[in-house]
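# Observations on the three-dimensional arrangement
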Amino acid sequence: MSASTVIIRPARAVQGVVRIPGDKSISHRYAMLSAIARGISRFHNFSAARDCASTLGCMRQLGAEWRRADDGAIEVDGIGSALTAPSAALDCGNSGSTMRMLSGILAGQPFTSELFGDESLSRRPMARIIKPLSEMGATIASSDSGRPPLKIHGGPLRAIHYRPEVASAQVKSCVLFAGLFADGETIVEEPIRTRDHGELALRAFGAEVEHTGNVASIHGGHALTALEARVPGDLSSAAFFLCAAALFPGSQLSLPGILMNPTRARLLDILIQMGLKVAVGQIEQHHGELVGSIEVHGDAWKGGTIAGADTAALIDEIPVLAAIAPFSQNGLEVRDAKELRVKESDRIAAVATNLRKMGADLEERPDGLRIPGQQKLHGAELDSFGDHRIAMAFAVAALRAQGETTILNADAAGVSYPTFFEDLHSIATD
Ligand code: S3P
């Protein structure tokens, strides 16, 4: 068995406190913007995710040095808006966020840069950022049909009013980051409002940003200044533990210091609707981001439907909600989720394959899944398909299966949550 195989044994309950690492989406944005700010930025609870290490690696190649301070904070030496031309291609690893958002900054630089990624990232669509950045004046070459690697000839940019076809916060941040280097006001008008971490981070670094509803805008030409901030715990990582609690009536978990940004926290409303008892306290605001402590109690898990704007708001949490759906009373229906097919893996196919291996009955659809409830699953040998969220989602489902579950390529979890399996083990009682 490979070093990255993990075995999960059934549990009777989950109980305890989990300290969730810093949010991945915010950490990426802070790392990128601190590099192009003036002065030294410091980030406490910066994400330990491999994806964020990819971003930090790229920023170092672009001239921004960083280090881990004695207190664990990440310190970045900002070099201002003019980055250094990299001497080699930039390795984005598995991280779509790195490639898509960094491209916005590179489009405004007076040099040529190349970005590449691993096998999974090399399959992911980049036309969604090539189109707006080209309209702004950058020249971008890609492989067939807009896949990585990318070669970006940056330069002076013009402001645009962009209406993306897909609702994507990565695309929105990419265009707003490019807007920093454009003359005038760049506007992004989304089909559905997505997470607003890019807007909040830009403002925290001193950019002139406005956003209301699904429209965000930025005035170019303003310098950014360094920031000291604490990154809130990642709600998408917390989702695995919230779903673990949902599996066992009577379970109780405390998750302190979790991101409560309303553009992400729809998850909590849906979990409450589906039967979890959730209490949030100690709400604070840090640089525009809301943070709070979550207490959850498992109760009767009902399941339900996720569709439309909710699908976009819960896109990263659908794999785990689907993985536990067979244990619900009424099952789960997921609609309008064809974006899930172009994530780190085809997450609709990966969920369907693994659930079927555990003995579940379900219907796979082009844009979603229908998973009946009140099923009994057995342990099985499952694959992560190299996808962090699939590895973690099935580790959670395996807690309620009969018999052991083996997860192959489980180290994929480190892409967003390197200590996930230890943390899951620490709260599971057998
Ligand atoms: C992210 C946005 C989402 C999400 C991803 C992180 C972000 O992707 O799935 O994990 O940080 O902006 P899309 O922008 O492709 O929807």
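Source: prediction; values computed, not measured.

Definitions and limits used
Residues numbered from 1 in each chain as written. Predicted model: local features only at pLDDT ≥ 70, side-chain atom pairs only at ≥ 80, totals over all residues. Heavy atoms only, no water. Near = heavy atom within 4 Å. Polar contact = N/O pair within 3.5 Å; in protein donor to acceptor, adjacent residues only side chain to side chain. Areas by Shrake-Rupley, 256 points an atom, 1.4 Å probe, with all protein chains shown as cover. Helix = DSSP H or I, 4+ residues; strand = E, 2+ residues; numbered from the N terminus. Nonpolar A, V, L, I, M, F, W, Y, C, P; charged D, E, K, R; others polar. Buried < 20%, exposed > 50% of the residue type's maximum accessible area, 1.4 Å probe, protein only. Contact = heavy atoms within 4.5 Å. Pairing = 2+ DSSP bridges. Axes fitted to C-alpha atoms, helices over the stretch in contact; angles between N-to-C directions. Domains from an automatic or database assignment. Buried area = accessible area lost by both parts, 1.4 Å probe. Salt bridge = Lys/Arg side-chain N within 4 Å of Asp/Glu carboxyl O. Phe/Tyr/Trp six-rings, centres within 6.5 Å; stacked < 30°, edge-to-face > 60°.

## Structural notes on the site of the ligand
In the vicinity of the ligand, the residues found are Ser25, Arg29, Ser97, Arg100, Ala167, Ser168, Ala169, Gln170, Arg195, Ile315, Asp316 and Lys343. Interatomic distance of 2.6 Å between a side-chain N/O atom of Arg29 and an oxygen atom of the ligand. A distance of 3.0 Å separates an oxygen atom of the ligand from a polar backbone atom of Gln170. When the ligand is considered free in solution it has 380 Å² of accessible area, and contact with the protein chains removes 93% of it. Listing elements by their share of the shell around the ligand, those giving two or more residues are α1 (24-35), α3 (96-106) and α6 (169-179). In terms of residue class, the shell around the ligand is made up of 3 nonpolar, 4 polar and 5 charged.

## Some details on helix α7 (residues 197-204)
Extensive coverage of α7 is indicated by the burial of 6 of its 8 residues. Residues of α7 that are buried: His197, Gly198, Glu199, Leu200, Ala201 and Leu202. Contacts from the buried residues of α7 go to α1, α6, β14 (208-212), β15 (215-219), β18 (252-259) and β20 (289-297). Of the residues flanking the end of α7, it is Gly206, one or two places downstream, whose phi is positive at about 100°.

## Re the sheet that holds strand β27 (residues 428-429)
Sheets are built from strands paired through backbone hydrogen bonds, the pairs being either parallel or antiparallel. Strands sit in the order β19-β20-β18-β2-β27 across an open sheet of 5 strands; the sheet is mixed. Every other strand in the sheet has two partners, leaving β19 (277-286) and β27 as the edge strands with one partner each. In this structure, strand β2 (residues 13-17) lies alongside β27, joined through 2 bridges in antiparallel fashion. From the neighbouring strand, Val14 faces β27, where its bridge partner is Ala428. Lying over the sheet, helix α8 (residues 235-246) contacts β2, β18 and β20, oriented at roughly 165° with respect to β18.

## A short note on the domain arrangement of the chain
Looking at the assigned domains, one finds that the chain contains domain 1 (6-21 + 232-429) and domain 2 (24-230). Note on domain 1 versus domain 2: buried area summed over both sides is about 2300 Å², and carbon and sulfur give 49% of it. Across the contact surface, domain 1 and domain 2 share 3 salt bridges. With a closest N to O distance of 2.8 Å, Arg128 and Glu339 form a salt bridge. On the surface where domain 1 and domain 2 come into contact, there are 14 residue pairs in polar contact (both at pLDDT 80 or more). For the side of domain 1 that touches domain 2, the secondary-structure elements that each account for two or more residues are α10 (309-313) and α13 (388-398).

## Remarks on the side chain of Ser54
Relative to the elements of secondary structure, Ser54 occurs in helix α2 (residues 50-61). Judged by relative accessible area, which is 14%, Ser54 ranks as buried. With residues near it in sequence (within four places) discarded, Ser54 still touches Asp91, Cys92, Gly93 and Thr98.

## A short note on the packing of aromatic side chains
Scanning the model with the defined rule gives 9 aromatic pairs in all. For the pair Tyr417 and Phe420, a centre-to-centre distance of 5.5 Å together with 70° between the ring planes defines the contact as edge-to-face. Phe420 carries the same exposure label as Tyr417, and that label is buried. Connected via pairs of aromatic rings, a cluster forms that spans Phe240, Phe241, Tyr417, Phe420 and Phe421.

## A few points about unusual backbone geometry
Residue Pro149 follows Pro148 across a cis peptide bond; omega there is 5°. Checked against the element boundaries, Pro149 lands in strand β9 (residues 147-153). Although it is not a glycine, Gln282 sits at a positive phi angle of roughly 50°. Within the secondary structure, Gln282 is located in strand β19. Relative accessible area serves as the criterion here: at 64%, Gln282 is assigned to the exposed category. Within the chain, Gln374 stands out as a residue other than glycine whose phi angle is a positive 55°. For Gln374, the location among the structural elements is in the loop between β24 (368-371) and β25 (381-383). The class of Gln374 is exposed, set by a relative accessible area of 67%.

## Considering the sheet that holds strand β22 (residues 332-334)
Within the open sheet, the 4 strands sit side by side as β21-β22-β24-β23. Their pairing is mixed. Both outer strands of the open sheet, β21 (304-306) and β23 (363-365), are each paired with one neighbouring strand and no more. Taking the axes of each pair of neighbouring strands and ignoring which way they run, one obtains an average angle of 15° across the sheet. Pairing of β21 with β22 involves 3 bridges; the strand directions are parallel. Across the sheet, Thr305 pairs through a bridge with Glu333, a residue of β22.

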